[in-house]
Amino acid sequence: MVDKYGRHVTYLRLSITDRCDFRCNYCMAEKMTFLPRAQVLTLEECLRVARVFVDLGVTKLRVTGGEPLVRHNAVWLLEQLADLPGVKELVITTNGSQLEHFASALHAAGVKRLNISLDTLRPDRFRAITRVGDLAKVLRGIDAAQRAGFARLKINTVMVRGGNDDELLDLAQFAVDRDIDIAFIEEMPLGDIGQRRQASFFSSQEAMARLQTRFALLPSTETTGGPARYWRLPGTSTRVGFIAPHSHNFCDTCNRVRITARGDLYPCLGNNDAVRLLPLLRAHPTDDGPLRAAIVGGMGIKAQGHAFSSQMDAPQVVRFMSMTGG
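What you see is a predicted model; the values in this text were computed from it and never measured. Residues take numbers from 1 onward in each chain, read along the sequence in its written order. For this predicted model, a pLDDT threshold of at least 70 governs which residues receive local features, and a threshold of 80 or more governs which side-chain atom pairs are given and counted, while totals over whole chains, interfaces and linings are taken from all residues. Only heavy atoms go into the side-chain values, all of them from the structure, while hydrogens and water stay out.

Side note on the overall build of the protein chain
Okay, so step 1: In this description a helix means any DSSP run of H or I spanning at least four residues, a strand means any run of E spanning at least two, and both kinds are numbered starting from the N terminus. Looking only at helices and strands, the protein chain has 10 helices and 12 strands in total.
Okay, so step 2: Across the 326 residues of the protein chain, 57% fall into the buried class.
Okay, so step 3: The accessible surface values rely on the Shrake-Rupley method and a 1.4 Å probe; as for residues, cover is taken only from the protein chains in view. When the accessible surface of the protein chain is split by element, carbon and sulfur atoms take 51% of a total near 13,600 Å². Here the term buried applies to any residue with accessible area under 20% of the maximum for its type, exposed to any over 50%, and partly exposed to those in between, with areas from a 1.4 Å probe on protein chains only.

Structure (structure tokens):
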């Protein structure tokens, strides 16, 4: 699949639920209304969508949510996705809350990598950010994932000025001590969370400068197929990535699209244009032709880029990140 700007789409982010057992304050409103079951893709429909994308040339699948591991029978779906001919990499993004129970099953299912959200190492702050989460549970989940045999774990940290920017060095050291990677992510204006985002924005340049007070950062050409730009920490196995949709826009090399839990295809995270796939799935249960045509047609509405920096206090994308897929 190639969009009208010549970018090859080889990476699908597939959300299997909009629900989450956390309520992170940069991701959700405090009081959320979730989709009724009938409006959510069944796991069989998720598999069918993924199969068509793989047939069209997608080689990397990332399963997201919400929190994907709160979806009943998620491991079954992951087993099926791993077996699709043409899939080179199956990965999952998780908040880590369920890993203590699921890490071994995920590894056995064929998941190659885990991205684990972790924004703080302070229990009280963790509870404040997630509103309901338990840091100790997530740390046990990270330990369980390493015991299960995942060679490369990555922590994802959303940087929030006045929220966790004083912990960036500690989080990087946490990654080094455990021989895992870490990616620092600039906050994105998705959904109305009831507060101005401009005041809480912390840039990748600031983060890099802060990290360099303790660590040497060597530029790397390594990539995991996503938007992060990586740096090596000499004397360690840790890579530090920066995802900078504001300060270092990565749209020119974008190779991914997203499917929401209700079956909407979003070719661009930062735009509202979408193609509704769920009605096609249910209207043509045994014919993938209309679905395939809609997906190919959706590449034609993939935007050239987004403009998050001008939307920090007035988001143009009204859906929350939990609705889009992390």
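Notes on unusual backbone geometry
Okay, so step 1: The omega torsion of the bond from Gly65 to Gly66 falls at 20°, within 30 degrees of zero and hence cis.
Okay, so step 2: Tracing the sequence through the fold places Gly66 in the loop between strand S2 (60–64) and helix H2 (74–82).
Okay, so step 3: Despite not being glycine, Asn73 has its phi angle at roughly 70°, a positive value.
Okay, so step 4: Tracing the sequence through the fold places Asn73 in the loop between S2 and H2.
Okay, so step 5: Despite not being glycine, Arg131 has its phi angle at roughly 70°, a positive value.
Okay, so step 6: Residue position: Arg131 is located in the loop between helix H4 (123–130) and helix H5 (135–148).

Observations regarding the layout of surface pockets
Okay, so step 1: Reported here for the largest pocket is a volume of approximately 300 Å³.
Okay, so step 2: Considering the residues around the largest pocket, the lining is formed by 13 residues, among which Thr17, Arg19, Arg37, Val40 and Arg71 are closest to the centre.
Okay, so step 3: Of the residues belonging to the lining of the largest pocket, the class tally is five nonpolar, four polar and four charged. Cavities and pockets are found on a 1 Å grid laid over the protein atoms alone: a cavity is a set of points where a 1.4 Å probe fits but cannot escape, a pocket is an open set with protein on both sides within 12 Å along at least five of seven lines, and a lining residue has an atom within 4 Å of such a point. Grid points are joined across faces, edges and corners, and a volume is the space filled by probe spheres set on the points. All residues other than Ala, Val, Leu, Ile, Met, Phe, Trp, Tyr, Cys, Pro, Asp, Glu, Lys and Arg, Gly among them, are scored as polar; the first ten of these are nonpolar and the last four charged.

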